[in-house]
2 protein chains.
Amino acid sequence: MEHKTKGLLIVFTGHGKGKTTAALGMSMRAAGHGMKSAFLQFIKGSWKYGEMEAVKRFSDLIDFQVLGRGFTWKSNDPEADKEAARSAWGKAKTAITSGKYHMVVLDEFTYVLNYSMVDLNDALDTFKHRPPGLHVVITGRDAPKELIDMADLVTEMKVIKHPYIKGIKAQRGIEF
Amino acid sequence: MEHKTKGLLIVFTGHGKGKTTAALGMSMRAAGHGMKSAFLQFIKGSWKYGEMEAVKRFSDLIDFQVLGRGFTWKSNDPEADKEAARSAWGKAKTAITSGKYHMVVLDEFTYVLNYSMVDLNDALDTFKHRPPGLHVVITGRDAPKELIDMADLVTEMKVIKHPYIKGIKAQRGIEF
C-alpha cells in the first residue's frame, strides 16, 4: 500500500455526545475514498441497532468487530476480564500492524486504558510505530494525558446540554 | 407518519473537528432504522469528495442537498447574497414543515445566522413549531445563545489539538 502522507493519531474525548458518531462518519468518509477501515468496538452494547445497520452498507470497506464486553466489563471473575481485554487489544494490535487498513478506529478504547486493562505504554508504543499512512482514531471519555500528548488531532466533545437533564427519554435513531 | 416520541433539537457547535461528521453519522444511524433524513448543506464546498461518495450509499434514505454558497458567501453583490440565503432557508423550512422526514440536518447553519443572512427569530420559530417527532440537527461554530437555550442536546466540539498546529498538511480521507 502506498502512503504519500503521514497517518494521524486522532482522539475524540470528553463526556458529550458525538465521539463514536464522528468516528463512524470518519470511517464512512474514508470509505467514500475507497479507503479501508477497521472499526473495533471495545464496549459491547455501546453500539445500537441503527449504527449496526448503517455500517452494513459499507461491509466492503469497513471491517466492524465487537471486541469488548458490556458497559461494566467487570464480571465476578477478574482473571476472565483481564483475559478478555488482553485478547481484544491483541486483535486491535494485529489490525494496526497488518498494513491492511488506511484507518483503524478503537471505539471506547480509553475505557480499558483508564481501568488499566490494557497497558498504556504498550498502547502508545503500538500507535507510535504504526505503519506510515495509517490513521488511528481513538474514542472515549477521559483520554489519558500521555495519549493526548502523542495525538495529532484531539477534539473534546463537551456537554453543554443533555436531553436527560430536561427529562426526555432515549429517542429511537438518536440514542440507540 | 406516526411519532411516539418528541423530536429533539440538537446542536453541534464549537471550533473543533467532528461537528458535520457527527451529524452525518447521526443521519446514517437514523437510516439504519429506515428513518428518512434531509441533509442540507449551507456552505458549498465544506463537504468533500469522501463524504459525498459515502452519503450516496444512503440515497434511498438521505436527501442530500447543497443549498449554500462558498465559504465566504459574500460576493460583490450583497443583494444576490441575501437572495441566495433567503432561498436556502426557504428550502430548509419546507423540509422541516413537510412531514416527510424524521430528521433534518442544517449543516453549517450557524454561519448564516451569525451573519444575519437568516433571521434568528424566524429560525427559532420554525424549529419550535416543527412537526412532533422531527429531530432537527444544527451544526456550525458559535451557535447563538438563543438557539442553545431552545435546544434539547448541545455538544461543543472543542479544539484541544489541531494537526495544522504541528504543521501537518491536510490528509486525504481526514480533511477532505
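Keep in mind it's a predicted model, so treat the numbers as computed, not measured.

**Describing the sheet that holds strand E3 (residues 62-69) of chain B**
An order of E3(A)-E2(A)-E4(A)-E5(A)-E1(A)-E6(A)-E6(B)-E1(B)-E5(B)-E4(B)-E2(B)-E3(B) is seen for the 12 strands of this open sheet, with the pairing classed as mixed. Among the strands making up the open sheet, the edge pair consists of strand E3 (62-69) of chain A together with E3 of chain B. Going from strand to strand, the sheet's axes swing by 15° on average, the running direction of each strand aside. Here strand E4 (residues 103-107) of chain B pairs with strand E5 (residues 135-139) of chain B via 4 bridges, running parallel. Opposite B:Met103, over in E5(B), you have B:His135 as the bridge partner. Across the sheet, helix H3 (residues 78-97) of chain A is in contact with strand E2 (37-43), E3 and strand E4 (103-107) of chain A; its angle to E3(A) comes to roughly 160°.

**Some remarks on the relation of the copies chain B and chain A**
With an RMSD of 0.0 Å, the operation that places chain B on chain A is a rotation of 180° combined with a shift of 0.0 Å along the axis. The transformation relating the two chain copies, once decomposed into turn and shift, fits a two-fold axis.

**Quick notes on the pairing of strand E5 (residues 135-139) of chain A**
Residue and element names in this part refer to chain A. Taken across its 5 residues, E5 has 5 buried, putting it largely inside the fold. Burial along E5 is two-sided: the face carrying His135, Val137 and Thr139 and the face carrying Val136 and Ile138 are both buried. In terms of strand pairing, strand E1 (residues 9-13) meets E5 through 4 bridges, oriented parallel. From the neighbouring strand, Val11 faces E5, where its bridge partner is Ile138.

**Overview of the interface of chain B and chain A**
Facing the 54 residues of chain B at the interface are 54 residues of chain A. When chain B packs against chain A, close to 4900 Å² is buried across both sides, 59% of that on carbon and sulfur atoms. Between B:Asp60 and A:Arg57 there is a salt bridge, and its shortest N-O distance comes to 2.8 Å. Inspection of the chain B/chain A interface yields 23 residue pairs in polar contact (both at pLDDT 80 or more). At the level of secondary structure, the elements contributing two or more residues to the side of chain B that touches chain A comprise strand E1 (9-13), helix H1 (19-32), helix H2 (49-56), helix H6 (145-150) and strand E6 (153-161) of chain B. Among the residues forming the side of chain B that touches chain A, the class breakdown is 26 nonpolar, 13 polar and 15 charged. With 7 bridges joining them, strand E6 (residues 153-161) of chain A and E6(B) adopt antiparallel strand pairing.

**A closer look at helix H5 (residues 120-128) of chain B**
Think of an α-helix as turning once every 3.6 residues; residues three or four places apart then point the same way. Residues and elements named next belong to chain B. Along H5, the residues that are buried comprise Ala123, Leu124, Thr126 and Phe127. Summarising the axial view, the buried residues of H5 lie within an arc of 160°, below the 170-degree limit, and thus occupy one face. Turned more than 90 degrees away from the buried face of H5, the exposed residues are Asn121 and Lys128. Residues of H5 that are buried make contact with E1, helix H3 (78-97), E4, helix H4 (109-114), E5 and H6.

**Some remarks on the environment of B:Ala92**
Residues and elements named next belong to chain B. As for its placement among the helices and strands, Ala92 is situated in helix H3. Ala92 sits 43 residues away from His135 along the chain, and the two C-alpha atoms are 13 Å apart. Excluding its chain neighbours within four sequence positions, the residues that come into contact with Ala92 are Leu40, Phe42, Leu67 and Leu106.

**Focus: the packing of helix H1 (residues 19-32) of chain A against helix H2 (residues 49-56) of chain A**
Residues and elements named next belong to chain A. Between H1 and H2, the shortest axis-to-axis distance is 12 Å and the interhelical angle comes to 10°. When the axes of H1 and H2 are compared, the pair comes out roughly parallel. Counted together, Thr20, Leu24 and Met28 of H1 and Glu51, Ala54 and Val55 of H2 form the full contact between these two elements. Among the residues making up the contact of H1 with H2, the classes are represented as 4 nonpolar, 1 polar and 1 charged.

**Focus on the pattern of salt bridges**
All names here are of chain A. Taken as a whole, this structure holds 16 salt bridges over all chains when the rule is applied. Asp149 serves as the salt-bridge partner of Lys145, at 2.6 Å between the closest nitrogen and oxygen. Of the two residues, Lys145 and Asp149 are both situated in helix H6 (residues 145-150); the distance of 4 residues between them amounts to about one turn of the helix. Judged by relative accessible area, which is 43%, Asp149 ranks as partly exposed.

**Quick word on the confidence of the model for chain A**
Should pLDDT be low for a region, the predicted coordinates there are not to be read in detail. Here chain A shows a mean pLDDT of 87. Residues at 70 or above account for 86%. This prediction of the complex comes with two scores: 0.85 for pTM and 0.80 for ipTM.

**As for the pairing of E1(B)**
Strand residues, when the strand is regular, have side chains that alternate between the two faces of the sheet. All names here are of chain B. Buried residues dominate E1, accounting for 5 of its 5 residues. Side-chain alternation along E1 places Leu9, Val11 and Thr13 on one buried face and Ile10 and Phe12 on a second face that is also buried. Pairing of E1 with E6 involves 4 bridges; the strand directions are parallel. In the strand pairing of E6, Thr13 is matched with Glu156.

**Notes on unusual backbone geometry**
Phi is positive for A:Glu108, close to 65°, though the residue is something other than glycine. Within the element layout of this structure, A:Glu108 appears in the loop between E4 and helix H4 (109-114). The class for A:Glu108 is buried, based on a relative accessible area of 19%. The backbone of B:Ser116 sits at a positive phi, close to 55°, despite the residue not being glycine.

Cut-offs used in this document
Per chain, the residues get numbers from 1 upward, laid out in the order the sequence is written. Chain letters and ligand numbers both follow the written order, the letters beginning at A and the numbers at 1. Only residues with pLDDT of at least 70 are given local features in this predicted model, and only at 80 or more are side-chain atom pairs given and counted; all residues enter the totals for whole chains, interfaces and linings. Note that water and hydrogens are dropped before the side-chain values are worked out from all heavy atoms of the structure. At least two bridges found by DSSP between two strands are what make those strands a pair. Counting from the N terminus, the helices are DSSP H or I runs at least four residues long and the strands are E runs at least two residues long. The angle between two axes is taken between their N-to-C directions and runs from 0 to 180 degrees, where each axis is a line fitted to C-alpha atoms and a helix contributes only its stretch in contact. When checking whether two residues touch, look at their non-hydrogen atoms; a contact exists if any pair is within 4.5 Å. Only residues with pLDDT of at least 70 in both copies contribute their C-alpha atoms to the least-squares superposition of the copies. The buried label applies to any residue whose accessible area, calculated with a 1.4 Å probe on protein chains only, is under 20% of its type's maximum; exposed applies above 50%, and partly exposed to all values in between. Reported buried area values correspond to the accessible surface (1.4 Å probe) lost by two parts on association, with both partners' losses combined. The salt bridge definition used is simple: a Lys or Arg side-chain nitrogen within 4 Å of an Asp or Glu carboxyl oxygen. A 3.5 Å cut-off defines polar contacts: any pair of N or O atoms within that distance qualifies, except that in protein one atom must be a possible hydrogen donor and the other a possible acceptor, and neighbouring residues in sequence count only when both atoms are side-chain atoms. Note on residue categories: nonpolar means Ala, Val, Leu, Ile, Met, Phe, Trp, Tyr, Cys or Pro, charged means Asp, Glu, Lys or Arg, and polar means any other residue, Gly included. In this description, one arc is meant: the one made by directions from the helix axis to the C-beta atoms. In what follows, roughly perpendicular refers to angles from 65 to 115 degrees, roughly parallel to angles under 35, roughly antiparallel to angles over 145, and oblique to any angle outside these ranges. The pLDDT value expresses, per residue, how confident the predictor is, ranging between 0 and 100.

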